[in-house]
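# Working through the structure, step by step
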Amino acid sequence: MGNTAPIMEAKGKIDYGLTNDYMFRAILQKSRKTLIGLASALLHLNPEDIKDIEITNPIILGESINAKTFILDVNILLNNSRMLNLEMQVNNLHNWENRSLCYLCSNFSQLNKGDAYEDIKPVINIGILDYTLFEDAPEFYAQYELLNKKTHRRYSDKLGISVLDLTQIDMASDEDKAYGIDTWATVFKAKTWEELRMAVQSNEYMKDAAETLYELNSDETIRQQCEARRRAEIEEKHMQDKLKKLEEEKSELTKEAQKWKAKYEQLLASQSEKKLST
């Protein structure tokens, strides 16, 4: 990036941070350095190991979007030898397990007619979630593979799913910290420019992300699309909350109905006994 003075002087609330899924995608498209820094951390690589990196499903930044046309996930080809699929998700839609599997399998089905199965590139799906996927087993950065249930022998190293939980930064392991994944999570969660500057001060790739974030927050066309996504997420959350309330009310009504049914059956049984006694 160029002049860093504006970001150094910025104060107050960040209008559109990295948990805004449009901003997340825009920054990764805009800044190759940020893309390399984040990808290398999540894959436990040194940034220098990434010689070539390309987003294979880019969007036209600033172009008007809607819920149907916006591509949420970011497909990345690393060193022409590995596929990485990233998505930021703030609201728990209770479908992440199936959604991530669909993305994973879709990216894995990459052979054309005549290609050899040996040529299939490894694919890993990484969900960056602002909620805990499995409440009974919270984890900051979880990594899943195909394994033998008895021996735990790996079936293949060409498929993997990882989940980064932005609400569980305190659970980061020493390995997570060694690759700076906990700091990246802090960058994602930063609400003010002061918080962001504090988080990125010792990492050049995160500094680049902060500078790009500041630049894109100053771009009116990008802001409009970020606002569209923010409103869509609010509406999504409202509908989810309403559905949850209706389900709770339905559950209570079912319990009440069962209670009255039991009383009615007791009444019938009691009347039956009286008739038999007479």
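The structure contained in this document is the topic of the report that follows. (Residues numbered from 1 in each chain as written. Predicted model: local features only at pLDDT ≥ 70, side-chain atom pairs only at ≥ 80, totals over all residues. Heavy atoms only, no water.)

### A look at the packing of aromatic side chains
When we look at a pair of aromatic rings, we describe it by the centre distance and by the angle of the planes. Defined as follows: Stacked, tilted and edge-to-face pairs are distinguished by plane angle, under 30 degrees for stacked and over 60 for edge-to-face with tilted covering the rest, among Phe, Tyr and Trp rings (Trp via its six-membered ring) whose centres lie within 6.5 Å. Helix and strand assignments follow DSSP, with helices taken as H or I runs no shorter than four residues and strands as E runs no shorter than two, numbered in order from the N terminus. A ring has a charge above it when a Lys NZ or an Arg CZ is no more than 6 Å from the ring centre and no more than 35 degrees off the ring normal.
Within this structure, the stated rule accounts for three aromatic pairs. Considering the side-chain rings of W184 and F188, the 6.3 Å spacing of their centres and the 35° angle between planes classify their relative orientation as tilted. One end of the pair, W184, and the other, F188, are both in helix α6 (residues 181–189), four residues apart, so they sit about a helical turn from each other. Taken together, the ring pairs connect F24, W184 and F188 into an aromatic cluster. In this arrangement the basic side chain of K33 is found over the ring face of Y205, its NZ or CZ atom lying 5.6 Å from the centre.

### Comments concerning empty space enclosed by the protein
Heads up, the rule is: A pocket, in this scheme, is an open set of points on a 1 Å grid over the protein atoms alone with protein on both sides within 12 Å along at least 5 of 7 lines, while a cavity is a set where a 1.4 Å probe fits but cannot get out; residues line either one if an atom lies within 4 Å of a point. Grid points are joined across faces, edges and corners, and a volume is the space filled by probe spheres set on the points. Three classes are used, and their members are as follows: Ala, Val, Leu, Ile, Met, Phe, Trp, Tyr, Cys and Pro are nonpolar, Asp, Glu, Lys and Arg are charged, and the others, Gly among them, are polar.
Evaluation of the coordinates by the stated rule reveals one cavity of 30 Å³ or more. Its volume calculated, the largest cavity comes out at about 80 Å³. Taken together, Y131, T132, L133, F134, A137, P138, E139, A142, Y144, V163 and D165 form the lining of the largest cavity. Going through the elements one at a time, β5 (141–147) and β6 (154–165) are the ones with two or more residues in the lining of the largest cavity. Looking at side-chain class alone, the lining of the largest cavity contains eight nonpolar, one polar and two charged residues.

### A word on the sheet that holds strand β2 (residues 74–78)
Strand pairing in a sheet relies on backbone hydrogen bonds. The paired strands run either parallel or antiparallel. Selection criterion: Two strands are said to pair when DSSP picks up at least two bridges between them. A fitted line through C-alpha atoms represents every axis, and for helices the fit uses only the stretch in contact; the resulting angles, taken between N-to-C directions, go from 0 to 180 degrees.
Strand order across the open sheet formed by six strands is β1-β2-β3-β4-β6-β5, with mixed pairing between neighbours. Sheet topology places β1 (53–55) and β5 at the edges, where each strand pairs with a single neighbour. With direction set aside, neighbouring strand axes in the sheet form an average angle of 20°. Pairing between β1 and β2: three bridges, direction antiparallel.

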